[in-house]
Amino acid sequence: MYRDVMTFCGLAMGVEDAAQLRLARDTLTSVMVHEYVHHMQREMAYDKVERWVRKGETVRRRLGPAWMVEGTAEVLESRYWTRDAHVAGDALFLLRARAVAAQKSLASVRTDDEVRTAGAYAVSHYAAALLAGRFGDQSLIGFWRAVGETDNWYEAFAQVYGMSVEEFEALYAGMLESRAYGLEFVQDIDIDGDGLIAGQETLPPAAETAQVQSN
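Residues numbered from 1 in each chain as written. Predicted model: local features only at pLDDT ≥ 70, side-chain atom pairs only at ≥ 80, totals over all residues. Heavy atoms only, no water.

Topic: the overall build of the protein chain
Step number 1: Counting its secondary structure elements, the protein chain contains 10 helices and zero strands.
Step number 2: Seen in sequence order, the protein chain has helices and strands lined up from the N terminus as α-α-α-α-α-α-α-α-α-α.
Step number 3: Classification of the 215 residues of the protein chain by burial places 44% in the buried group.
Step number 4: Contacts spanning at least 24 positions in sequence make up 67% of the contacts within the protein chain whose residues lie at least 6 apart.
Step number 5: If you sum the accessible surface of the protein chain, you get close to 11700 Å²; carbon and sulfur atoms cover 53% of it. (Helix = DSSP H or I, 4+ residues; strand = E, 2+ residues; numbered from the N terminus. Buried < 20%, exposed > 50% of the residue type's maximum accessible area, 1.4 Å probe, protein only. Contact = heavy atoms within 4.5 Å. Areas by Shrake-Rupley, 256 points an atom, 1.4 Å probe, with all protein chains shown as cover.)

Shown next, in the form of structure tokens:
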């Protein structure tokens with residue numbers, strides 16, 4: 001779904017194998033879930049209002065970091081497949097492995113301002129999964145609600161997550177280096193026994209309030 005066009009995907013006629021038909025339906029449904037999330041993002045952020053896009057003027061994108069746009073859609077799409085509202089340890093490790101293989105920083109996805117490669121999608125998915133794991137799926141939706149209210153996605157991110165975009169991107173780099181660090185962030189417990197919990201040094205007391213509100 002885009003501002004001026006909506007594309008529908010349909011099943012190929014003549015599919016007779018029942019298992020293949022179910023797979024095709026599941027695949028197309030997950031695609032629609034993903035694209036519906038983008039539709040929701042644009043509606044909440046008022047991105048479809050034409051007055052925000054003026055000819056001859058440079059207008060800052062309202063939606064937010066590219067990794068947040070695609071990462072949220074990836075996470076909520078994955079919920080359709082797993083029917084699980086929580087990110088399990090094994091699933092988180094798999095997402096991390098794909099993100100590590102991409103050899104791309106989260107900040108670079110934001111500055112590129114686009115997600116087009118498999119590596120960029122992997123990085124974005126892992127980042128949004130970490131946020132969903134720590135603050136809940138509703139925080140992903142709450143972010144765009146805050147964007148619509150503040151018209152500033154830097155401010156919206158800090159409001160919902162209690163830290164700046166740049167602070168989370170720095171935390172994310174540590175989570176790529178250590179599997180335990182990512183689990184500590186998501187579960188909010190000390191896993192490696194060093195007496196510290198990932199993210200606590202960054203998250204101010206306001207983050208606890210943001211977490212309660214998002215849930």
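A closer look at the packing of aromatic side chains
Ring pairs (aromatic) are described by centroid distance and by the angle formed between their planes.
Step number 1: Taken as a whole, this structure holds 11 aromatic pairs when the rule is applied.
Step number 2: An aromatic cluster is present here, built from Trp67, Phe135, Phe143, Trp144, Phe157, Tyr161, Phe168 and Phe185 joined pairwise through their rings.
Step number 3: One cation-aromatic arrangement involves Arg134 over Phe135; the distance from NZ or CZ to the ring centre is 5.9 Å.
Step number 4: Its guanidinium or amino end placed over the ring of Phe93, Arg179 lies 4.2 Å from that ring's centre, counting from NZ or CZ. (Phe/Tyr/Trp six-rings, centres within 6.5 Å; stacked < 30°, edge-to-face > 60°. Lys NZ or Arg CZ within 6 Å of the ring centre and 35° of its normal.)

Side note on the environment of Glu166
Step number 1: Here Glu166 lies in helix 8 (residues 165-177).
Step number 2: Residue class for Glu166 comes out partly exposed when judged on its relative accessible area of 38%.
Step number 3: Spatially, the C-alpha atoms of Glu166 and Leu106 are 9.5 Å apart, while their sequence positions differ by 60 residues.
Step number 4: Beyond its immediate chain neighbours, meaning those up to four positions away, Glu166 contacts Arg110 and Tyr154.

Regarding the packing of helix 6 (residues 137-150) against helix 7 (residues 153-161)
Step number 1: Running from N to C, helix 6 and helix 7 point in directions that differ by 135 degrees, and their axes come no closer than 8 Å. With respect to helix 7, the axis of helix 6 lies oblique. For the pair helix 6 and helix 7, the crossing hand works out as right-handed. Listed contacts from helix 7 to Ser139, Leu140, Gly142, Phe143, Ala146, Val147, Glu149 and Thr150 of helix 6 are Trp153, Glu155, Ala156, Phe157, Gln159, Val160 and Tyr161.
Step number 2: For the contact of helix 6 with helix 7, the residue count by class is nine nonpolar, four polar and two charged. (Axes fitted to C-alpha atoms, helices over the stretch in contact; angles between N-to-C directions. Parallel < 35°, antiparallel > 145°, perpendicular 65-115°, else oblique. Left-handed = near helix turned anticlockwise from the far one by under 90°. Nonpolar A, V, L, I, M, F, W, Y, C, P; charged D, E, K, R; others polar.)

Things to note about the nonpolar core
Step number 1: Counting residues in each nonpolar core, the largest one holds 48 residues, and the members touching the most others are Trp67, Leu131, Phe157, Tyr161 and Phe168.
Step number 2: Looking at which element gives the most residues to this core, the answer is helix 5 (residues 118-135), with 10 residues.
Step number 3: Excluding residues within four positions of it along the chain, Phe157 makes contact with Trp67, Met68, Leu131, Phe143, Gly162, Met163, Ser164, Val165 and Phe168. (Core = buried A, V, L, I, M, F, W, Y, C linked by side-chain atoms within 4.5 Å.)

Examining the pattern of salt bridges
Step number 1: This structure, assessed with the given rule, holds four salt bridges.
Step number 2: Among the salt bridges present, the one from Asp137 reaches Arg79, with a minimum N-O distance of 2.8 Å. Note that Asp137 is positioned in helix 6 and Arg79 in helix 2 (residues 66-82), a separation of 58 residues in sequence. The exposure classification of Asp137 matches that of Arg79, with both residues buried. (Salt bridge = Lys/Arg side-chain N within 4 Å of Asp/Glu carboxyl O.)

A few points about the side chain of Asp137
Step number 1: Owing to a relative accessible area of 18%, Asp137 belongs among the buried residues under this scheme.
Step number 2: Of the polar contacts made by the side chain of Asp137, one reaches the side chain of Arg79; its length is 2.8 Å. (Polar contact = N/O pair within 3.5 Å; in protein donor to acceptor, adjacent residues only side chain to side chain.)

A short note on helix 9 (residues 179-187)
Step number 1: Three or more residues of helix 9 are buried, namely Tyr181, Gly182, Leu183, Glu184, Phe185 and Val186.
Step number 2: Between the side-chain oxygen at the start of helix 9 and the backbone nitrogen of Ala180 there is a gap of 3.4 Å, and the oxygen is on Ser178.
Step number 3: Following helix 9 by one or two positions, Asp188 adopts a phi angle in the positive range, close to 60 degrees.

Some words on helix 8
Each full turn of the α-helix corresponds to 3.6 residues, which orients residues three or four apart in the same direction.
Step number 1: Taking 1.5 Å as the rise per residue, helix 8 with 13 residues should run 18 Å; its terminal C-alpha atoms sit 19 Å apart, in good agreement.
Step number 2: The complete set of buried residues in helix 8 reads Val165, Phe168, Glu169, Leu171, Tyr172, Gly174, Met175 and Leu176. (Expected span 1.5 Å × (residues − 1).)

A short note on the side chain of Ser124
Step number 1: Looking at the secondary structure, you find Ser124 in helix 5.
Step number 2: Residue classification places Ser124 among the buried residues on the basis of a relative accessible area of 0%.
Step number 3: With residues near it in sequence (within four places) discarded, Ser124 still touches Trp67, Gly71, Val109 and Val115.

Geometric descriptors of this kind do not, in isolation, establish any biological role.
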